[in-house]
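# Results of the structural survey
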Amino acid sequence: MDAQRSVYGLMAEFDSANALVEAARRTHAEGYRSTDVFSPFPIEAAWEAIGANDKRPQLFILIGGIMGMLAGFGLCYWVSVIAYPLNIGGRPLNSWPSFIPVTFEVTILLASLAAVIGMLALNGLPMPYHPVFNVPRFSRASQDSFFLLIEAVDPKFDRQRTRQFMQGLGATEINEVEP
Amino acid sequence: MDTPAPHSSYQTPHPVIEPGHSYDSITEKISAIVLTRRHPIGWFATMAIGFLLVNGLGLSVGYLLFKGIGIWGNNIPVGWAFDIINFVWWIGIGHAGTLISAILLLFKQDWRTSINRFAEAMTLFAVACAAMFPLIHTGRPWLAAYWLLPYPNTMGIWPQFRSPLIWDVFAVTTYFTVSALFWYTGLIPDLATLRDRAKRRWTQMLFGGLALGWRGSARHWQRYETVYLILAGMSTPLVLSVHTVVSFDFSTGILPGWHATIFPPYFVAGAIYAGFAMVLCLAIPLRRMYGLEDFITMRHLENMAKVTLVTGFIVVYGYAMEAFFAFYSANVYESFMLKNRAFGPYGWTYWLLIFCNGIVPQTLWLKRLRTNTTWLFIMALIVSVGMWLERFVIIVTSLHRDFLPSSWDMYYPTRWDISTFLGTIGLFITLMFLFVRVLPMISIFEMRTLLPEAKIKGAEGH
């Protein structure tokens, strides 16, 4: 127990995207769930392999867009009808077709802000410190190397057996991640 | 797969990335421009010119604020001149950046990858140059706050939401914000690469801070890719809406030559046309200066040339339809507008415009000229001039002779008009070349995905 607490997880390094995806699939099949894979570019098969498919960004964007639409139209309506009505030749105050451009722009604006801020928030960024950066080789994860992490909190995690399992995956290097 | 068949006259298209590259060589080549390489003499020379012109801009704007907009040549009846010509010109140039980064992404055009980053930067800087004009043309930008923005002020005054000028404010600010978000989102993984490659403490801190702690986790990539694609999907109607709204500034007016339903599509096509020309203008020298021929290959230049040719045709169709509407309307003011445009005192600008936008791009039919970088660069400059003239023709020739001959007059720009315009070109060049110096001008992580070893076995075709 004490030996387990002192480590954040085990990290295996692979030299190709294919090896990483294959390893991720086998790790998931083995029953590990507190896992993560790191790659220098997006690999769709990699997040499918560990079962990551977060649909909340889409929801955030939808909510942002609806709020933007209401805010944009509400602003035009409130200003033109309630706060500052100008009677020009008896034309209707709520001239909604001329409010559409502003409504559209504010919809896109808030949806885009929701998209980016939501994505960063769900990813937990900005995060200046993370244990994975303690592995010296990990600086290659943003350049040309591929990593698989099994966290110590995973119920199946066992320092010896997990390391043996990782060796069987064809990892080029296995490192313990300091917490 | 890419080897040409020897017995066929069909030539396989040039690859989007030259063979022989690896993850590491791509990373090294692009990040070295920012981190380690010495900068070519061309960088310093261009930067010096840009900086000189920026100083001219500072002087011109300073004198404008001191003296007022009387230092410009526009006066009734030509109440709008260089200020709005330059505004429309710059904002149009910005459109190609969004087109390349968003629309070509949705169409899965992989040749966009090596040009999207600096095209997006170009968008931001062009929109910044454009946005200056509505602000400074008020002469009192500090008052523009309540003219432009709806905020509760002690006078109880609100903007008129039925006016295209207010739509413009919302369209341009939204466009700038969304372009900036899109650009920064695309930069995050590359900033992490720079953080991990930087040798000096302060560059590590700088890029580390900007990278927000990005670590390339697949869970992050999944949300990132989802959001990036949806942002592209939202930017596409946005970019179309921006120039549409800009064209409404004119087409909702009743002036002959402005009051036309063709304006929105005609303006959007012109924007893409001008923008692609500007991307060529920037890509060709940068590619040579930094030896990026492996990443910005002939395929990219040729494709951009083809887009220029096609959108050039749409623009020419617009000119033809303007003339046809004027003739077919049987309206005396409309047909006078047409005659005045072609044969009036500013007739030479109209024919020069037809030459620049209608005739010169036709040389792109020839593969020999389309693949000649020197000619492409010159052609792109001519197109930029042509698009500037288009806005001059629309704005000045329509305004200077409207319905009543008693109110006709001529318009001549002053030296301050010209120095302000040149100043924004300098600002654009300066920002662009600073960007090339401090941030990766090609998306490193997206270039990696173009390599054959990035294709996953057993995953259906991506």
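Residues numbered from 1 in each chain as written. Chains lettered and ligands numbered in written order. Predicted model: local features only at pLDDT ≥ 70, side-chain atom pairs only at ≥ 80, totals over all residues. Heavy atoms only, no water.

Right, let's talk about the overall build of chain B for a bit. When helices and strands are tallied, chain B shows 16 helices and 0 strands. For 462 residues, the compact-globule estimate of 2.2 N^0.38 gives 23 Å, and the C-alpha radius of gyration of chain B, at 23 Å, lies within 12% of that figure. Projected onto the principal axes, the alpha-carbon positions of chain B cover approximately 75 × 65 × 45 Å. The buried share of chain B, taken over its 462 residues, is 58%. Look at the contacts in chain B between residues 6 or more apart in sequence, and 81% of them connect residues 24 or more apart. (Helix = DSSP H or I, 4+ residues; strand = E, 2+ residues; numbered from the N terminus. Rg over C-alpha atoms; globule rule 2.2 N^0.38 Å. Buried < 20%, exposed > 50% of the residue type's maximum accessible area, 1.4 Å probe, protein only. Contact = heavy atoms within 4.5 Å.)

The next point concerns the environment of Met132(B). Residue and element names in this part refer to chain B. You can see methionine 132 is positioned in helix H4 (residues 116-136). Residue class for methionine 132 comes out buried when judged on its relative accessible area of 17%. Beyond its immediate stretch of four places on either side in the chain, methionine 132 contacts Leu57, Val61, Thr424 and Leu427.

Okay, the interface of chain A and chain B next. Across the boundary between the two partners, chain A contributes 69 residues, which contact 58 residues of chain B. Three residues, Phe41(A), Glu105(A) and Gln143(A), lead the burial of chain A against chain B; their summed loss comes to 11% of the area buried on that side. Here chain A is connected to chain B by 2 salt bridges. A salt bridge links Arg223(B) to Asp54(A), with the nearest nitrogen and oxygen atoms 2.6 Å apart. Across the chain A-chain B interface, the total number found is 25 residue pairs in polar contact (both at pLDDT 80 or more). Elements that contribute at least two residues to the side of chain A that touches chain B include exactly helix H2 (17-30), strand E2 (35-38), helix H3 (44-49), helix H4 (56-83) and helix H5 (100-122) of chain A. When residues in the side of chain A that touches chain B are grouped by element, the largest group, 15 residues, is from H5(A). Looking at the side of chain A that touches chain B residue by residue, the classes come out as 46 nonpolar, 14 polar and 9 charged. (Buried area = accessible area lost by both parts, 1.4 Å probe. Salt bridge = Lys/Arg side-chain N within 4 Å of Asp/Glu carboxyl O. Polar contact = N/O pair within 3.5 Å; in protein donor to acceptor, adjacent residues only side chain to side chain. Nonpolar A, V, L, I, M, F, W, Y, C, P; charged D, E, K, R; others polar.)

In the structure shown here, the tally under the stated rule is 49 aromatic pairs over all chains. Consider the rings of Phe324(B) and Phe325(B), whose centres lie 6.4 Å apart with planes at 55°: the pair is tilted. Its relative accessible area of 35% is what places Phe325(B) among the partly exposed residues. Stacked on the ring of Tyr32(A), the Lys or Arg Lys156(A) has its end atom at 5.8 Å from the ring centre. When the ring centre of Phe295(B) is taken as reference, the NZ or CZ atom of Lys29(B) above it lies at 5.8 Å. (Phe/Tyr/Trp six-rings, centres within 6.5 Å; stacked < 30°, edge-to-face > 60°. Lys NZ or Arg CZ within 6 Å of the ring centre and 35° of its normal.)

Residue and element names in this part refer to chain B. Over its 25 residues, helix H3 (residues 82-106) runs 36 Å from end to end, which matches the ideal 36 Å to within 8%, given 1.5 Å per residue. Residue leucine 99 marks the point of greatest curvature in H3, where the axis turns by about 40°. Taking burial as the measure, the 25 residues of H3 include 24 buried ones, the bulk of the element. (Expected span 1.5 Å × (residues − 1). Bend = angle between axes of the 7 residues up to and from the residue.)

Turning to the domain arrangement of chain A, a few remarks are in order. According to the domain assignment, chain A consists of domain 1 (2-53 + 145-177) and domain 2 (56-122). Here the C-alpha centre of domain 2 of chain A lies 45 Å away from the C-alpha centre of domain 1 of chain A. (Domains from an automatic or database assignment.)

Right, let's talk about the pairing of strand E1 (residues 9-14) of chain A for a bit. Residues and elements named next belong to chain A. Counting buried residues in E1 gives 6 out of 6 residues, a clear majority hidden from the surface. Burial along E1 is two-sided: Gly9, Met11 and Glu13 and Leu10, Ala12 and Phe14, pointing in opposite directions, are all buried. Direction of pairing for E1 relative to strand E3 (residues 146-151): antiparallel, over a ladder of 6 bridges. By the bridge assignment, glycine 9 is partnered in E3 with glutamate 151. Two strands pair when backbone bridges link them, and E1 and strand E4 (residues 173-177) are joined in this way by 5 bridges, in the antiparallel orientation. Along E4, the bridge assignment pairs alanine 12 with isoleucine 174. (Pairing = 2+ DSSP bridges.)

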